[in-house]
Amino acid sequence: MKQGAGMFKEWAKNIFCRQIFRLKVNEVSCLPKLSVIVPVYNEKAEYIRRAISSLINQQFQNIEIIIVDDGSYKKETVEFLTKIRQDNIKVLHKKNGGLGSARNYGLAYARGKVIGFLDADDWVEDDFYLELMTVLVQHDSDMACGVLYCNGKKYDKFPCCTLVDAEKKLKLINNGSVCSKIFKKELFNGVKFPEDGIYYEDNPVLLKLLLKASKVSFNNCAKYNYFTNNQSITHNKEKEEKRIKDSVIVLLQIKNWSNGYDEKIRNLIMEVSGRILFRACSYVRDEMYRRQMDNIFTSKQINSFLETKYTLGQRIFSFKNSKDKSHKIMTFLGLHIKIKRKANA
């Protein structure tokens, strides 16, 4: 009972302090401008409308919205973008270069001292940026993290806090997206998104910014809604093979970059990356992927990922064909046993 009462008291204190500071924040006219960059590539008009509406309706109003049209050619998208007329919205057009290229392009035009990102098929709650700007200004942080939701599922679990220690900051990161966070623009000096068209390009960027930031605030009241569209780039089943290959490329990039840190931080960087990008099913079923992961992670890290991402039954036993279908491969308690198939009579 005492523990429950203590948790309620702390929650009430956080709410009260946040409301008092909100009043102070909204009274100050010289708050830093926030630039939100929205890359668009052939998204449906209804999705873009929802995303932009969620920005227009923010309680925090000192927002510059930068839409970067990354070479869209679909009539629906093009027509919608041409109809946008609002003073705080810029629509920029460029040749198609991928998500990383569009984000870099938007950064070059951003006038705000604080930067946010919104994917064109996602949306944010109306207090999202007020919540994040509040803690950013209140604690003079370089970066503030909100909570990512997908189909009602909460992907982040952390207390409201502000951290300086690199180890503690890393331990609270559960997704590799830059969209559920905001950053002081100066953090991007010397840091750019990769423009090679690979998936998960923001994962290494997020880690670089996180460790570069002197102070990072976490606010579990700020809610970012991630939309899972089976027809979108991120969830098209036909792209699954590329996503797996790209995740390996990104993990190798992160591993090479992490060598500049001491062993403790380096291991934490890889643990965070593995929690986000490691694919347990591929590890069990795909021999090449398994070899790649064994070269990137320690056996202790891999066991930890498997325990987290794979069900007990799946970890204990699986049965599948070899690639050339000449053998059956049985996996039992981590042992891989090849069984030769009988020739057809």
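As a reminder, the structure under discussion sits directly above these lines.
Owing to the predicted nature of the structure, the values given are computational and were not obtained by experimental measurement.

This part covers helix α4 (residues 99-109). Given 3.6 residues per turn, any residue in an α-helix points the same way as the ones three and four places further on. All of the buried residues in α4 are Gly100, Ser101, Ala102, Arg103, Asn104, Gly106 and Leu107. Its buried side turned inward, α4 meets β1 (34-40), β2 (63-70), β3 (89-94), β4 (114-117) and α7 (202-212).

Every second residue of strand β9 (residues 181-184) is oriented toward a common face, with Lys181 and Phe183 on one face and Ile182 and Lys184 on the other, all of them buried. Bridge count for β4 against β9 is 3 bridges, and the pairing is antiparallel. Residue pairing for β9: Val114 is matched across the bridge by Lys184. Strand direction decides the pairing type here: strand β6 (residues 143-150) and β9, joined by 3 bridges, are antiparallel.

Turning next to the nonpolar core. Counting 90 residues, the largest nonpolar core has Val38, Phe117, Phe278 and Met293 as its most contacted members. Broken down by element, the residue count for this core peaks at 7 residues, all from helix α5 (residues 128-138).

A separate point is the pattern of salt bridges. Where charged atoms from two side chains of opposite charge approach closely, those side chains can pair. Taken as a whole, this structure holds 16 salt bridges when the rule is applied. Glu79 is paired through a salt bridge with Lys75; the nearest N and O atoms lie 3.9 Å apart. Placement of the pair is Glu79 and Lys75 together in helix α3 (residues 75-82), with a separation of 4 residues, close to one helical turn. We note a salt bridge from Glu201 to Arg103, for which the minimum N-O separation is 2.5 Å. Highlighted residues: Glu201 in the loop between β9 and α7 and Arg103 in helix α4, separated in sequence by 98 residues. With respect to burial, Glu201 and Arg103 carry one shared label: buried.

About the thresholds
- Here the residue index of a chain counts from 1 through its sequence in written order.
- Residues qualify for local features only when their pLDDT is at least 70, as the model is predicted, and side-chain atom pairs are given and counted only at 80 or more; totals for whole chains, interfaces and linings, by contrast, use all residues.
- To get the side-chain values, all heavy atoms of the structure are used, and hydrogens and water are removed first.
- Only protein chains enter the area calculation, which uses a 1.4 Å probe; residues under 20% of their type maximum are buried, those over 50% are exposed, and those in between are partly exposed.
- By the criteria applied, helices consist of DSSP H or I runs no shorter than four residues and strands consist of E runs no shorter than two, each listed in order from the N terminus.
- For this analysis, residues touch if any pair of their heavy atoms sits within 4.5 Å.
- DSSP calls a pair of strands paired once it identifies at least 2 bridges connecting them.
- Note on terminology: a nonpolar core comprises buried Ala, Val, Leu, Ile, Met, Phe, Trp, Tyr and Cys residues joined through side-chain atoms within 4.5 Å.
- Here a salt bridge means any side-chain nitrogen of Lys or Arg lying within 4 Å of a carboxyl oxygen belonging to Asp or Glu.

So yeah, pure geometry; function would need other evidence.
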